[in-house]
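# Inside the fold
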Amino acid sequence: MYDNQPGPSQVQHPLEILTEIERQEAVGQELLVRDSGAPWAELLAEYVDALNELATPGTASTGFIAAYGLDEGHAGGCG
């Protein structure tokens, strides 16, 4: 008698819904980028060059090259 009754409906968590929407949009954007035919390798190289120029201004005039490290391997908090 009670075997044919449907079980309680499961409600999808709102974050799961947003994650699915984000995934669908990412796939759509990837297809658009791939189909656009833009020279992405060249654009990326130009972008990286521009970022390098912004990060190390004046190195051409002084001859010094900026070197950034991680404090000789220390992660901080020592001491």
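For the structure given in this document, a descriptive report is provided here. (Residues numbered from 1 in each chain as written. Predicted model: local features only at pLDDT ≥ 70, side-chain atom pairs only at ≥ 80, totals over all residues. Heavy atoms only, no water.)

## Structural notes on the overall build of the protein
Just so we agree on the cut-off: Put simply, DSSP marks the helices as runs of H or I at least four residues long and the strands as runs of E at least two long, and each gets a number from the N terminus on. Here the open area of atoms and residues is found with the Shrake-Rupley method and a 1.4 Å probe, where only the protein chains shown may cover a residue.
A count of helices and strands for the protein gives three helices and zero strands. Of the regular secondary structure in the protein, the N- to C-terminal order runs α-α-α. Surface exposure of the protein reaches about 7800 Å², of which carbon and sulfur atoms provide 59%.

## A short note on a nonpolar patch on the surface
The following threshold applies: For patch building, the residue pool is restricted to those with more than 30% relative accessible area and no salt bridge; the joining distance is 9 Å between like charges and 5 Å between nonpolar side chains (Val, Leu, Ile, Met, Phe, Trp, Tyr). Any carboxyl oxygen of Asp or Glu within 4 Å of a side-chain nitrogen of Lys or Arg constitutes a salt bridge here. Remark: exposure states derive from per-residue accessible area (1.4 Å probe, protein chains only) relative to the maximum for the residue type, with buried under 20%, exposed over 50%, and partly exposed in between.
A cluster of nonpolar side chains, namely Leu44, Tyr47, Val48, Leu51 and Leu54, defines an oily patch on the protein surface of about 530 Å² accessible area. The residue valine 48 is located in helix α2 (residues 40-55) in this model. For valine 48, a relative accessible area of 38% gives the class partly exposed.

## Concerning the pattern of salt bridges
On inspection of all chains with the given rule, the structure shows two salt bridges. Among the salt bridges present, the one from glutamate 20 reaches arginine 23, with a minimum N-O distance of 2.8 Å. In this pair, glutamate 20 and arginine 23 are both assigned in helix α1 (residues 14-36), three residues apart and thus about one turn of the helix distant. Relative accessible area serves as the criterion here: at 31%, glutamate 20 is assigned to the partly exposed category. Overall, the relative accessible area of 45% leaves arginine 23 in the partly exposed class. In this structure, arginine 34 engages glutamate 30 in a salt bridge whose closest nitrogen and oxygen atoms are separated by 3.5 Å. In this pair, arginine 34 and glutamate 30 both sit in helix α1, four residues apart, roughly one turn of the helix. Residue arginine 34 is classed as exposed on the basis of its relative accessible area, which comes to 57%.

## Re α1
Let me state the cut-off plainly: Expected span, for any helix, means 1.5 Å times one less than how many residues it has.
Taking 1.5 Å of rise per residue, the 23 residues of α1 would be expected to cover 33 Å, and the 33 Å separating its terminal C-alpha atoms lies within 8% of that figure. The first or second residue beyond α1 is glycine 37, which carries a positive phi of 80°.

## Some words on a negative patch on the surface
Threshold: We treat Lys and Arg as the positive residues and Asp and Glu as the negative residues; His and chain ends play no part in the count. Where a charge lies is defined by one atom per residue type: Lys uses NZ, Arg uses CZ, Asp uses CG and Glu uses CD.
Together, Glu42, Glu46, Asp49 and Glu53 make up a negatively charged patch on the protein surface. Looking at the secondary structure, you find glutamate 42 in helix α2.

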